[in-house]
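A closer look at the structure
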Amino acid sequence: MKLSAIKPIGRVLARELAVTALLLLGVSVVVFAILYAAPGDPLDVLLGGQSPRSELALGMREALGVPRTWYGQYAAWFGKMLEGNFGNSIRTGLPVLPELARVGVNTLYLTLGSLLLTLAIALPIAVHAAAHGDTAGNTAATVVAYVLSAVPVFWFGYIVVYVFIHRLGMFPLISGTAGRQPHAWLYFLVPIFVLGTASGTLSEMIRHLREELSRVLAEDYIRTARAKGAAVWRHAFKEGFLIPVTEIMSAKIPFLLGGAVIVEQVFNWPGMGRMAWQAAQDRDYPVIMGIALAAAAFVRLGNLLQRVVFTAVNPRASRE
Amino acid sequence: MTAMRMRRYVQAPGPVGEISELPLLQRAETLDRVYVGYGLLVVALVFASYLLGAFGWLPHDPQAMNVGLINAAPLTPGHPLGTDFLGRDLQSRLILGIQAYFLPGLLAVAISLVGGSVLGILAGYQGGWADTVVTYFDNLLDSFPRLVLILLVIAAFKPDIYYIMVVVGVTGMPVIANLIAGKIAFLRQKSFIEAAHALGLPARTVILKHILWYNCRALLVIQATLGMAEAILVETSLSYLGFGVQEPTPSWGNMVQAGANYFLQGNFWPSTAPALAILATILGFQLLGDGLNNILEGKRRR
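This part takes up the overall build of chain A. Looking only at helices and strands, one finds 13 helices and 0 strands in chain A. Secondary structure of chain A in N-to-C order comes out as α-α-α-α-α-α-α-α-α-α-α-α-α. Buried positions account for 38% of the 320 residues belonging to chain A. Considering only contacts in chain A between residues 6 or more positions apart, those separated by 24 or more positions represent 71%.

The structure is reproduced here in C-alpha cells:
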C-alpha cells in the first residue's frame, strides 16, 4: 500500500471509531429501553410476587442500592458493563461475558464460513453475467439462486442432514461440542453449507455484485483501458470488485447472524444463536441482552472494516 | 462528525430520467414478466386462501384428527395433500396457516412504509441536522440482527406475533427511508423541488403529491412486497423456533417443526408440504418486488 494512503485511513479510522462508539452507546440505550419498558421487575422474582410498591420492596431496593430513576439505573447498568460485568445468567447462574466469549467463537466460525461460501458461489455467477450479459447459463444460475434464497433454512437443514449424513454417511453425526472424534471437523462443514446456501443472501449478493461490476465495466476509464489493450480486469478490480464485495459482506453480517439462530437450532450447534433461543425461552434477560450487544458489536466491526477498505481504495472518501 | 449514509443493497432507485416512453409491458424483459406474473399469481392465491381461511371454507376441519390415517401421502382419497402426524388434513391446515402471517405481515409492512417515508422525507426534504439524525438512527437499527432483536423483545415482553411484527416493521424502516431520501436527492438535482416551490405550492402538497405519490409510489409498492416476504420469513422462522403461533393452531413454521420428527425416519411429506408453501410464497413476493423494480424503476440489466 502506498504511503499516501495511510494518512486518510488513519483519519477515517479515528472518525469511524468515534461513530462506532456512539452507535454502540445507542445500541445499549435501545437494549436498556426495551428491558426497562418490559412488564415485571427482577425484584418481583426476588420477592416472590409481592407488590413492588410495598414497603418491603422499597426497603429491598434501598438495601440493594437500586437507583430510583431510569437514568440512574441506566448509568449503573452501563458502568457495570464497562467493567466487563454483564451480569449472571438467571438460568445457570454463570457470568454472561465468559459464556458469550466461549460460544461466540462457534458462531463466528459459522457466520464467517457461510459468508465466504455464499461469496464463493455468488462471485463466479456475477462476474460471468457482468462480462457476458444474459446467457442461458447464468440466467439459469440466477433463477436457481432466487429459489435457494427463498428456501426456508430450517427445512433445508433437515434435507442436508438426511441426504448427507443418513443416506450417504458422509459426515459423522455428532454435535460440534464433541471434538475428539477423528472427522469431527467435517461436521462443521454441514451447518456452514446450509447457512451459506440458503440464508437468503445469495440472490441479493449475485445481483449486487453483478450490477456494480457491469456499471464499472461500462465506465469511460475501462473503455480507455480496453482501447489501449491494458488489462481490463486490473483496472476494474478496485471499484468493480473490491468495494462491492466488502460492502455486501459487511451488509450481510446481520442477516447471517439472524440465520445462525435457526441453523444452530437445527444442528444443535453450541453458539450464540442457540444461546439466544434458550435465553428467550427462559426469559433470561442478562443473557439475551449480552447477545444483542455482542451481535451489534460484531455488525459494527464488520462495518468499520468495510469503511477502512473503502478509504484505502478511495482516499477521497476521507475528506467527505 | 459526518454521518455515513449507507448505500443500500436492496433496491437502489434507478435514474428517473431514463425511463422510456414505451408502454410498461413492451419495455419489460421476458424474465421480468415471468417474475411479475408468478408473483401476482402467488399474491392472488395467498389472498384467496386467506379469505377461505377467514370464512372457514376449508375442505376439512383442520383440527379433526384421524388416527387411522397418520402421515398419509399426497393424493390420498379425500386428502389431496395428505395428512399430518395426527391425521389432520394438510391442505386445510396449509390454508389456515396463512392466518398466522397475513394480518401481522400487513401491519409490519404498514409500519415500515409509514415510518420509513416519514424518516426519508425528514432526511431528504429537511436535510441538515435531520439528515444526520436519521442516518444515525438508520445505522443504529441496522446494527441489530433482526432475529436477535426479536428474541430480546420476546424475552422482555411475551412471544406475541404483533409485538414481533412491530419489531419487523421498525427494523424495515431504514431501507425505505434511505431509498426515499435518495429519490429526493435525485429530484433536487433535477431542480424538481425548487420548481414546485417556485410555483408557490405548499410544502404539504410537494411532499405528499409530488414526491410521495408521483415519484415514490412504485418504490413503496416494491418495498411493500419485499417487506411482506420478510414478514413471512420471520413469522415462519419464529413459529418454527416455537415462539410464534402454537400448536394446535397451524402456522407453516410450526408445521415444518411438527413434521420434522418424522423426517429422519424417511417420511418427508408432513414437513416438506409447508416448507414448499413457504418457499413458493416467499419466492413469489420477492420475484414480484424485484421484477417490478426492474420494470418500474428503470433499472436495466446489461
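A few words on the overall build of chain B. When you go through chain B residue by residue, the secondary structure sums to 12 helices and 0 strands. Listing the helices and strands of chain B from first to last along the sequence gives α-α-α-α-α-α-α-α-α-α-α-α. The buried share of chain B, reckoned over its 302 residues, is 49%. Excluding contacts between residues fewer than 6 apart, the proportion of contacts in chain B whose partners are at least 24 apart in sequence is 73%.

Residues and elements named next belong to chain B. Close contact between helix α5 (residues 129-142) and helix α8 (residues 173-189) brings their axes to 9 Å; oriented N to C, the two are set at 145°. Classified by chirality, the crossing of α8 by α5 is left-handed. Seen from α5, the contacting residues are V134, D138, L141 and D142; seen from α8, they are M173, P174, A177 and N178. When its residues are assigned to classes, the contact of α5 with α8 shows 5 nonpolar, 1 polar and 2 charged.

With that settled, consider the packing of helix α10 (residues 203-241) of chain B against helix α12 (residues 269-296) of chain B. Residues and elements named next belong to chain B. Interhelical geometry of α10 versus α12 gives an angle of 160° and a closest axis separation of 9 Å. When the interaxial angle is binned, α10 and α12 end up roughly antiparallel. For the pair α10 and α12, the crossing hand works out as left-handed. For the pair formed by α10 and α12, the contact residues are A218, V221, I222, T225, L226, M228, A229, I232, L233 and T236 on the first element and I278, T281, I282, F285, Q286, L288, G289, L292, N293 and L296 on the second.

Attention shifts here to the nonpolar core. Counting residues in hydrophobic clusters, the biggest one holds 151 residues, and the most contacted among them are A276, I288, I291 and A292 of chain A together with V148, L151 and L152 of chain B. Other than its neighbours up to four places away in sequence, A276 of chain A contacts V261, I288 and I291 of chain A together with V148 and L151 of chain B.

With that out of the way, let us pick up helix α4 (residues 70-82) of chain A. Residues and elements named next belong to chain A. Compared with an ideal rise of 1.5 Å per residue, which puts 13 residues at 18 Å, α4 spans 18 Å between its outermost C-alpha atoms and is within 8% of the ideal. Of all 13 residues in α4, 0 are buried, a share of ten percent or less. Of the residues one or two after α4, G84 is the one with positive phi, at around 90°.

All right, on to the interface of chain A and chain B then. On the chain B side, the residues contacting the 54 residues of chain A number 42 residues. Split into classes, the residues belonging to the side of chain A that touches chain B amount to 38 nonpolar, 8 polar and 8 charged.

Going from E247 of chain B to P248 of chain B, the amide bond is cis rather than trans, its omega being 5°. Along the polypeptide, P248 of chain B turns up in the loop between α10 and α11 (252-263). In this structure, N268 of chain A takes a positive phi of about 55° despite not being glycine. Mapped onto the elements of the fold, N268 of chain A is located in the loop between α11 (232-267) and α12 (272-282).

Another point: the environment of A123 of chain B. Residues and elements named next belong to chain B. By the element assignment, A123 lies in helix α4 (residues 102-126). The spatial distance from the C-alpha of A123 to the C-alpha of A181 is 5.9 Å, given a sequence separation of 58 residues. Here A123 is in contact with A130, D131, V134, T135, A177 and A181, once residues within four sequence places are set aside.

Now for the confidence of the model for chain B. Low-pLDDT stretches of the model should not have their predicted coordinates read in fine detail. All names here are of chain B. Across chain B, pLDDT averages 85, with 89% of residues at or above 70. Taken element by element, the predicted model of chain B shows its lowest mean pLDDT in helix α1 (residues 24-27) (66) and its highest in α4 (94). Scored below 50 in pLDDT, residues 7-19 shows 27 contacts in the model against residues more than four places distant or in partner chains. Quick note on the complex model: pTM equals 0.87, ipTM equals 0.86.

Its 15 residues give helix α7 (residues 153-167) of chain A an end-to-end C-alpha distance of 20 Å, which sits within 8% of 21 Å, the value for a rise of 1.5 Å per residue. Every buried residue belonging to α7 of chain A is among V153, F154, W155, F156, G157, Y158 and V161 of chain A, and all of these are buried.

As a further point, take the environment of I150 of chain B. Residues and elements named next belong to chain B. Structurally, I150 can be placed in helix α6 (residues 146-156). Note: C-alpha distance between I150 and V234 (84 residues apart in sequence) is 9.4 Å. Residue contacts for I150: discarding those within four places in its chain leaves I164, V167, V234 and L238.

Glancing now at the environment of A294 of chain A. All names here are of chain A. Secondary-structure assignment places A294 in helix α13 (residues 285-313). Residue A294 is classed as buried on the basis of its C-beta count, with 22 C-beta atoms lying within 10 Å. Counting along the chain gives 208 residues from A294 to F86, while the straight-line C-alpha distance between them is 11 Å. Not counting chain neighbours up to four residues away, the residues in contact with A294 comprise L100, G104 and M272.

Criteria and thresholds
- Residues numbered from 1 in each chain as written.
- Chains lettered and ligands numbered in written order.
- Predicted model: local features only at pLDDT ≥ 70, side-chain atom pairs only at ≥ 80, totals over all residues.
- Helix = DSSP H or I, 4+ residues; strand = E, 2+ residues; numbered from the N terminus.
- Buried ≥ 20, exposed ≤ 12 C-beta atoms within 10 Å, placed from the backbone.
- Contact = placed C-beta atoms within 7 Å.
- Axes fitted to C-alpha atoms, helices over the stretch in contact; angles between N-to-C directions.
- Left-handed = near helix turned anticlockwise from the far one by under 90°.
- Nonpolar A, V, L, I, M, F, W, Y, C, P; charged D, E, K, R; others polar.
- Parallel < 35°, antiparallel > 145°, perpendicular 65-115°, else oblique.
- Core = buried A, V, L, I, M, F, W, Y, C linked by C-beta atoms within 7 Å.
- Expected span 1.5 Å × (residues − 1).
- pLDDT = per-residue confidence, 0-100.

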